[in-house]
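Residue strings, one per chain:
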Amino acid sequence: MKYISTDKAPSAVGPYSQAIKLNNGYLYISGQLGLIPETMKLPTDIITQTLQALKNIDEILKVENYLKDNVIKTTILLTNIDDFPEVNKIYETFFVNHKPARSTFAVKALPKNALIEIEVIAFK
């Protein structure tokens, strides 16, 4: 097991790792908010938060030379399910070549009052 970390994604806001890679090729990325790594600030709108969360995921994938196409499962948490159509449009542009399995849930609240959190499982 290997702990994965990059300063190109936000540092953990609690006692957890950005990601963990297992020897069998699985990479588990902790839920990513739309935090901007350099400032640890959260944009105020769902579009910018979604784009940033996906960018953070991409940066963590790159640490171990994983591609977006290596993502096999995502989980999306939204504080407002009405944001689902906008998030879906952005998500579709991120995963162009393949469509991983996905679950989406509406939740009451997220850390830092974020509007979205996305976690990922990848394999290669």
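So, how was this worked out
Residues numbered from 1 in each chain as written. Predicted model: local features only at pLDDT ≥ 70, side-chain atom pairs only at ≥ 80, totals over all residues. Heavy atoms only, no water. Helix = DSSP H or I, 4+ residues; strand = E, 2+ residues; numbered from the N terminus. Rg over C-alpha atoms; globule rule 2.2 N^0.38 Å. Buried < 20%, exposed > 50% of the residue type's maximum accessible area, 1.4 Å probe, protein only. Contact = heavy atoms within 4.5 Å. Lys, Arg positive; Asp, Glu negative; His and termini not counted. Charge placed at Lys NZ, Arg CZ, Asp CG, Glu CD. Expected span 1.5 Å × (residues − 1). Polar contact = N/O pair within 3.5 Å; in protein donor to acceptor, adjacent residues only side chain to side chain.

## A few points about the overall build of the protein
Okay, step 1: Along the backbone of the protein there are two helices and six strands.
Okay, step 2: For the protein, the α and β elements follow one another from N to C terminus as β-β-β-α-β-α-β-β.
Okay, step 3: Taking 2.2 N^0.38 as the reference for a compact globule, 124 residues should give roughly 14 Å; the C-alpha atoms of the protein span a radius of gyration of 13 Å, in line with that estimate.
Okay, step 4: Taking all 124 residues of the protein together, the buried fraction comes to 41%.
Okay, step 5: Residue pairs at least 24 apart in sequence account for 68% of intrachain contacts in the protein once pairs closer than 6 positions are excluded.
Okay, step 6: Averaging the positions of the 14 positive and the 13 negative side-chain charges in the protein gives two centres separated by 4 Å.

## Some words on helix 1 (residues 46–63)
Okay, step 1: With 18 residues, helix 1 should cover 26 Å at 1.5 Å per step; its first-to-last C-alpha distance of 26 Å lies within 8% of that length.
Okay, step 2: Among the residues of helix 1, Ile 46, Gln 49, Thr 50, Gln 52, Ala 53, Leu 54, Asn 56, Ile 57, Asp 58, Glu 59, Ile 60 and Leu 61 are the ones counted as buried.
Okay, step 3: Against strand 1 (2–4), strand 2 (19–21), strand 3 (26–32), strand 4 (71–78), helix 2 (84–94) and strand 6 (116–123) lie the buried residues of helix 1.
Okay, step 4: Where helix 1 starts, the residue carrying a side-chain oxygen 3.3 Å from the main-chain nitrogen of Ile 47 turns out to be Asp 45.

## Here's the deal with unusual backbone geometry
Okay, step 1: You will see that Met 40, though not glycine, has its phi angle at about 60°, which is positive.
Okay, step 2: With respect to the secondary-structure elements, Met 40 resides in the loop between strand 3 and helix 1.
Okay, step 3: The class of Met 40 is partly exposed, set by a relative accessible area of 27%.
Okay, step 4: Residue Asn 65 is not a glycine yet carries a positive backbone phi of 60°.
Okay, step 5: Turning to its location among the elements, Asn 65 is positioned in the loop between helix 1 and strand 4.
Okay, step 6: Judged by its relative accessible area of 60%, Asn 65 falls in the exposed class.

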